[in-house]
Protein chains: 2
Amino acid sequence: MALPPAIILVEPQLPENIGMAARAMANFGLPELRLVAPREGWPHEGARSPAAGATAILDAAAAFASTAEAVGDLAYVVATTARSRGQMKRVLTPWDAMAELRSRSLAGQRTAILFGRERTGLSNDDVSVADAILTFPVDPAFTSLNLAAAVLLAGYEWRRSGEDVGAVPAAPSPAPRAALLGLFAQLEGELDAVGYYPAGKRPSMTRNMRDMLLRLAPTEQDVRTWRGVLRALSGSRPRRKG
Amino acid sequence: MALPPAIILVEPQLPENIGMAARAMANFGLPELRLVAPREGWPHEGARSPAAGATAILDAAAAFASTAEAVGDLAYVVATTARSRGQMKRVLTPWDAMAELRSRSLAGQRTAILFGRERTGLSNDDVSVADAILTFPVDPAFTSLNLAAAVLLAGYEWRRSGEDVGAVPAAPSPAPRAALLGLFAQLEGELDAVGYYPAGKRPSMTRNMRDMLLRLAPTEQDVRTWRGVLRALSGSRPRRKG
């Protein structure tokens, strides 16, 4: 039995929406909820009644200070967003995303689906920690999907994908997200040290580079290799003063 | 293009739920709402705000005194219910139900999906006017699905069953192989210059690194970026004599 993906809500504003999301998760057998900086704090009484009995999910939910911390132990993350954002990430239908998540889960990899804020969705920085983008096939004339509705659809499609999945060999396990973030920090630190970034360009250049590295889906061994390469390349260079 | 099934809500109690159902319909392009004896009367102001802009659906919604009247002009009706009820009706998965509805719609038949009251669902009399039963594959341990959630899932599955969804954007074109070989040569030259490779290990380490970069499937722009990164990292380092 595949361990279902965790559901991660980034900065949910209303406890009511957290409760409704938990209810939707319970409908389709998703047990693990993670919250990034919920606006009203956590735990919160206001989530309980909308959960309609799915309180075990609320009781077990973990809160994190940042998206990066919430995904630290995960091997594969899908971000839900309606916009393609011009990022170099695979854009998946819900069914293709669930097939990917399921084959990784069956191989023992920890996975998650990321959902954004009620009004503004996920920021580019949130999306930058993800391996792929999931877009729901809503009518382009009416795309406004509330938070619990998006979680419900993901849960439904997860469960639906369980009916007809054969033994698809999973891709090799990517490094835990924390190892990748360590590589990012080392690379960006080295590039800062040599004055690589033109003024004002650092955020977008960093995002593009992270996207490329995520597409590479490096294993833990790969990350060690690249960190060694970076150390070798910068080792004999005189340090600039920060 | 097939005319989508009408959504029929039987004795909905709260106008808010009618509004949320309309919103879910709009998400997936279902235009026609029918109401059977809504408890608070119809039209009702309380439905408008929860519809989140899907007010055209509310304005066009028709109210009927009984389920029999609401289905009078229809050729094929599916009833949503969690219970099998021992009726001699086909019980369909959502996807089989939508395939059936879609093929009938394409043949010009008027169809609908029937949803029950918030607490008690459809009565046996309601179900008796339907041709088949649709059951959502919820977790048996947590079957409580609210009205708008059930409508949302039906709408999603209707749209998913269509042919006009899931146009997957093509993957970006990878860099010409010559550009990649140029990147390999630059990287390996820099690593030679800093004495990175242990004795005898260069061939296998080089192969592994090239494999990783190939898996990355970099675009031509990606290759330019990484060559710039390499130049920046090695630029201020004193050269070894070859």
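For clarity, every value in this text was computed on a predicted model and none was experimentally measured.

Definitions and cut-offs
- Residues numbered from 1 in each chain as written.
- Chains lettered and ligands numbered in written order.
- Predicted model: local features only at pLDDT ≥ 70, side-chain atom pairs only at ≥ 80, totals over all residues.
- Heavy atoms only, no water.
- Helix = DSSP H or I, 4+ residues; strand = E, 2+ residues; numbered from the N terminus.
- Buried < 20%, exposed > 50% of the residue type's maximum accessible area, 1.4 Å probe, protein only.
- Polar contact = N/O pair within 3.5 Å; in protein donor to acceptor, adjacent residues only side chain to side chain.
- Contact = heavy atoms within 4.5 Å.
- Phe/Tyr/Trp six-rings, centres within 6.5 Å; stacked < 30°, edge-to-face > 60°.
- Lys NZ or Arg CZ within 6 Å of the ring centre and 35° of its normal.

A. Looking closely at the side chain of Arg34 of chain A. Residue and element names in this part refer to chain A. Inspection of the secondary structure assignment puts Arg34 in strand 2 (residues 33-36). Overall, Arg34 belongs to the buried group, its relative accessible area being 5%. In this structure the side chain of Arg34 is engaged in a polar contact, spanning 2.6 Å, whose partner is the backbone oxygen of Ala70. Excluding residues within four positions of it along the chain, Arg34 makes contact with Ala6, Ile7, Ile8, Leu9, Ala62, Phe64, Ala70, Asp73, Leu74 and Arg110.

B. A look at the packing of aromatic side chains. Applying the stated criterion to the full structure yields five aromatic pairs over all chains. Both rings, one in Phe28 of chain A and one in Tyr156 of chain A, keep their centres 5.7 Å apart while their planes meet at 75°; by these two values the pair is edge-to-face. Of this pair, Phe28 of chain A sits in the loop between helix 1 (15-27) and strand 2 while Tyr156 of chain A is found in helix 6 (residues 147-161), placing the two residues 128 residues apart along the sequence. Taken together, a centroid distance of 6.0 Å and an interplanar angle of 90° make the contact between Tyr156 of chain A and Tyr156 of chain B edge-to-face. Pair noted here: Tyr156 of chain A is in helix 6 and Tyr156 of chain B is in helix 6 (residues 147-160), and the two residues belong to different chains. Of the two residues, Tyr156 of chain A and Tyr156 of chain B, neither departs from the other in class, the shared state being buried. Site record: aromatic cluster; members linked through ring pairs are Phe28 and Tyr156 of chain A together with Phe28 and Tyr156 of chain B. Between Arg102 of chain A and the ring centre of Trp158 of chain A, over which it is positioned, the NZ or CZ distance is 3.9 Å.

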